[in-house]
Amino acid sequence: MNEEQKKTISKFLSLILRHNPQTIGLHIDENGWADVQELLMKSAQKNRPFSFADLKEIIATNDKQRFSFNSDETKIRANQGHSINIDLALTTGESPAFLYHGTVDKFLANIRQQGLLKMSRQHVHLSKDRETAEKVGSRRGKPVILSVRSGHMFRDGFSFFLSENGVWLTDHVPAGYIDFKE
Ligand code: HQG
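Let's talk about the overall build of the protein chain
Here is step 1: A count of helical and extended segments in the protein chain gives six helices and nine strands.
Here is step 2: Compactness check: the protein chain gives a C-alpha radius of gyration of 18 Å against a globular reference of 16 Å for 182 residues, within 12% of the reference.
Here is step 3: Out of the 182 residues belonging to the protein chain, those deemed buried represent 46%.
Here is step 4: Residue pairs in contact within the protein chain that sit at least 24 positions apart in sequence constitute 69% of those at least 6 positions apart.
Here is step 5: Positive and negative side-chain charges in the protein chain, numbering 25 and 22 respectively, have mean positions lying 6 Å apart.

A few points about the sheet that holds strand S8 (residues 168-170)
Here is step 1: Spatial strand order, S5-S8-S7: three strands in an open sheet with antiparallel pairing. Lying at the two open borders of the sheet, with one neighbouring strand each, are strand S5 (124-126) and strand S7 (161-162).
Here is step 2: Pairing between S5 and S8: three bridges, direction antiparallel. Bridge pairing links His-125 to Leu-169 in S8.

Describing the nonpolar core
Here is step 1: One finds Leu-13, Leu-17, Leu-39, Leu-55 and Ile-76 to be the most contacted residues of the largest nonpolar core, which totals 27 residues.
Here is step 2: Element by element, the count of residues in this core is highest for helix H1 (residues 3-19), at five residues.
Here is step 3: Both of domain 1 (3-77) and domain 2 (99-179) provide at least three residues apiece to this core.
Here is step 4: Within the second largest apolar cluster, 15 residues are counted, among which are Leu-108, Val-124, Phe-160 and Ile-178.

Focus on the domain arrangement of the protein chain
In many analyses, interface size is given as the accessible surface area lost on bringing the parts together.
Here is step 1: Split by domain assignment, the protein chain resolves into domain 1 (3-77) and domain 2 (99-179).
Here is step 2: Each of domain 1 and domain 2 was reduced to a C-alpha centroid, and the two centroids are 27 Å apart.

A few points about the site of the ligand
Here is step 1: Around the ligand, the surrounding shell holds 18 residues, and the nearest of these are Arg-18, Lys-64, His-101, Thr-103 and Arg-140.
Here is step 2: In the model, an oxygen atom of the ligand is placed 2.7 Å from a nitrogen or oxygen of the Lys-64 side chain.
Here is step 3: Contact between the ligand and Arg-66: an oxygen atom at 2.9 Å from a side-chain N or O atom of the residue.
Here is step 4: Taken together, the elements giving at least two residues each to the shell around the ligand come down to strand S4 (99-104) and helix H4 (108-114).
Here is step 5: In terms of residues, the shell around the ligand owes the most to one element, H4, which gives three residues.
Here is step 6: Residue composition of the shell around the ligand, grouped by class: six nonpolar, six polar and six charged.
Here is step 7: Here the shell around the ligand spans two domains, since at least three of its residues come from each of domain 1 (3-77) and domain 2 (99-179).

What counts as what
- Residues numbered from 1 in each chain as written.
- Predicted model: local features only at pLDDT ≥ 70, side-chain atom pairs only at ≥ 80, totals over all residues.
- Heavy atoms only, no water.
- Helix = DSSP H or I, 4+ residues; strand = E, 2+ residues; numbered from the N terminus.
- Rg over C-alpha atoms; globule rule 2.2 N^0.38 Å.
- Buried < 20%, exposed > 50% of the residue type's maximum accessible area, 1.4 Å probe, protein only.
- Contact = heavy atoms within 4.5 Å.
- Lys, Arg positive; Asp, Glu negative; His and termini not counted.
- Charge placed at Lys NZ, Arg CZ, Asp CG, Glu CD.
- Pairing = 2+ DSSP bridges.
- Core = buried A, V, L, I, M, F, W, Y, C linked by side-chain atoms within 4.5 Å.
- Domains from an automatic or database assignment.
- Near = heavy atom within 4 Å.
- Polar contact = N/O pair within 3.5 Å; in protein donor to acceptor, adjacent residues only side chain to side chain.
- Nonpolar A, V, L, I, M, F, W, Y, C, P; charged D, E, K, R; others polar.

Okay, here's the thing in structure tokens:
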């Protein structure tokens, strides 16, 4: 498998495991897990053949650690980013004092009014450092980094979850907890 093939399969897995399992008729359980053998078989039937070894390599080398196996490697799921309604059953954790969100200028007016909304995903995604937030924001253009006073939010009773791949998740960040650079 070369890098290009890995990327293609990884994108396909994101689509299937986060958004559209029905395109290949894959069953995803309430916690987001799919059966590995079923995934391999149904992907191959839809002209997307890859092996268990390919899957292992993708999980191990994926740049953002997007996917995980369960302990006996019979099930696979995406670590975060779903639009389908599943419960990752993550434990809540005390958030650091600050977390960061990378976005772009054109969303700022709305964010000032509504705060950060989860939009089409299941959570608002926050990064632990500015560098990561910059990468997230630059997917859409020139990145704008917002600092979120997440420690303050936590003390005020908001819940935070840390995904398997180090992304902080929460339901909503009201505008009052965001430091906008003036
Ligand atoms: C913006 C990628 C208007 C928000 C990344 C963002 C991340 C608002 C966009 C992960 C808003 C949603 C998530 C409001 C938020 N009004 N716009 N009130 N509140 N927005 O993709 O955080 O490659 O759903 O700023 O690395 O950009 O998929 O969220 O620009 O970890 O694994 O609405 O996706 O990971 O966009 O990215 P997204 P995100 P993967």
